[in-house]
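What follows is each chain in one-letter form.
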Amino acid sequence: MLYSEGLKKSRDFSRVYREGKSKSNALMVLYSCPNGTDRNRLGIVVSKKVGNSVVRHRLKRLVRENYRLNEGCYSRGSDLVVVMRRGSDRADFYAIEASLNQLSRNLGLLVSHEMA
């Protein structure tokens, strides 16, 4: 069983924004930056502009669960930051999964093409 940690500190988020690569689509922006370890760390940002706290936490749970289910397909050793965009409040589980997988593929983070 794989386990990724979460990004918590503001300086870690800033480093990923500053040094990392990014790709975006209508629902989200995905930033990726090597972290020098054998684990991935995931950070999720949802602005108040997206919705109220219930909506924001729902989106965070959906992104976290999508990542967890597909974690074995990701290459190791990256800090990932997902920034949800305005309008993503209406997205369902499958739309978020497709969006996250597309951006991960574009950044070269997926080592396996078989998604769970």
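(A) Region of the structure containing the sheet that holds strand β4 (residues 41-46). Strand order in the open sheet formed by 5 strands is β1-β4-β5-β3-β2, with mixed pairing between adjacent strands. Edge strands, defined here as strands with exactly one partner in the open sheet, are β1 (5-6) and β2 (21-24). With 4 bridges joining them, β2 and strand β3 (residues 28-34) adopt antiparallel strand pairing. Following the sheet pairing, S24 is matched in β3 by V29. The strands touched by helix α1 (residues 10-19) within the sheet are β2, β3, β4 and β5 (78-84), with β3 carrying the most contacts at an inclination of about 95°. Along the sheet, helix α2 (residues 53-70) makes contact with β4 and β5, crossing β4 at roughly 155°.

(B) View of a positive patch on the surface. The grouping of K8, R58, R61 and R64 at the surface amounts to a positive patch. Within the secondary structure layout, K8 lies in the loop between β1 and α1. The exposed category is assigned to K8, whose relative accessible area is 70%.

(C) Up close: α2. In this model, α2 (18 residues) spans 26 Å end to end at C-alpha, consistent with the 26 Å of a helix rising 1.5 Å per residue. Along α2, the residues classified as buried are R56, L59, L62, V63, N66, Y67 and N70. Projected down its long axis, α2 carries its buried residues within an arc of 125°, all on one side. When the buried face of α2 is taken as reference, the exposed residues oriented beyond 90 degrees from it are V54 and R61. Looking at the buried residues of α2, the elements they touch are β4, β5 and α3 (93-106). One side-chain oxygen at the N-terminal end of α2 lies 3.1 Å from the backbone nitrogen of V54; it belongs to N52.

(D) Layout of the pairing of β5. The element β5 is extensively covered by neighbouring structure, given that 7 of its 7 residues are classed as buried. Alternating residues of β5 divide into S78, L80, V82 and M84 and D79, V81 and V83, and every residue in both groups is buried. Bridge analysis of β3 against β5 gives 7 bridges, and the strand direction is antiparallel. Note that in β5 the partner of P34 across the bridge is S78. Note that the unit made of β4, α2 and β5 has a crossover that is left-handed.

(E) Region of the structure containing the packing of α2 against α3. At their nearest, the axes of α2 and α3 sit 10 Å apart, and the two run at 60° to each other. The pairing of α2 with α3 is recorded here as oblique in orientation. In this structure, α2 meets α3 at a crossing whose hand is right-handed. In contact with L59, L62, V63, E65, N66, Y67, L69 and N70 of α2, α3 contributes F93, I96, E97, L100 and N101. Tallied by class, the residues present in the contact of α2 with α3 amount to 8 nonpolar, 3 polar and 2 charged.

Rules used in this analysis
Residues numbered from 1 in each chain as written. Predicted model: local features only at pLDDT ≥ 70, side-chain atom pairs only at ≥ 80, totals over all residues. Heavy atoms only, no water. Pairing = 2+ DSSP bridges. Helix = DSSP H or I, 4+ residues; strand = E, 2+ residues; numbered from the N terminus. Contact = heavy atoms within 4.5 Å. Axes fitted to C-alpha atoms, helices over the stretch in contact; angles between N-to-C directions. Patch = residues over 30% accessible without salt bridge, like charges linked within 9 Å, V, L, I, M, F, W, Y side chains within 5 Å. Areas by Shrake-Rupley, 256 points an atom, 1.4 Å probe, with all protein chains shown as cover. Salt bridge = Lys/Arg side-chain N within 4 Å of Asp/Glu carboxyl O. Lys, Arg positive; Asp, Glu negative; His and termini not counted. Charge placed at Lys NZ, Arg CZ, Asp CG, Glu CD. Buried < 20%, exposed > 50% of the residue type's maximum accessible area, 1.4 Å probe, protein only. Expected span 1.5 Å × (residues − 1). Arc of directions from axis to C-beta. Polar contact = N/O pair within 3.5 Å; in protein donor to acceptor, adjacent residues only side chain to side chain. Right-handed = clockwise from strand over helix to strand, strands pointing away. Parallel < 35°, antiparallel > 145°, perpendicular 65-115°, else oblique. Left-handed = near helix turned anticlockwise from the far one by under 90°. Nonpolar A, V, L, I, M, F, W, Y, C, P; charged D, E, K, R; others polar.

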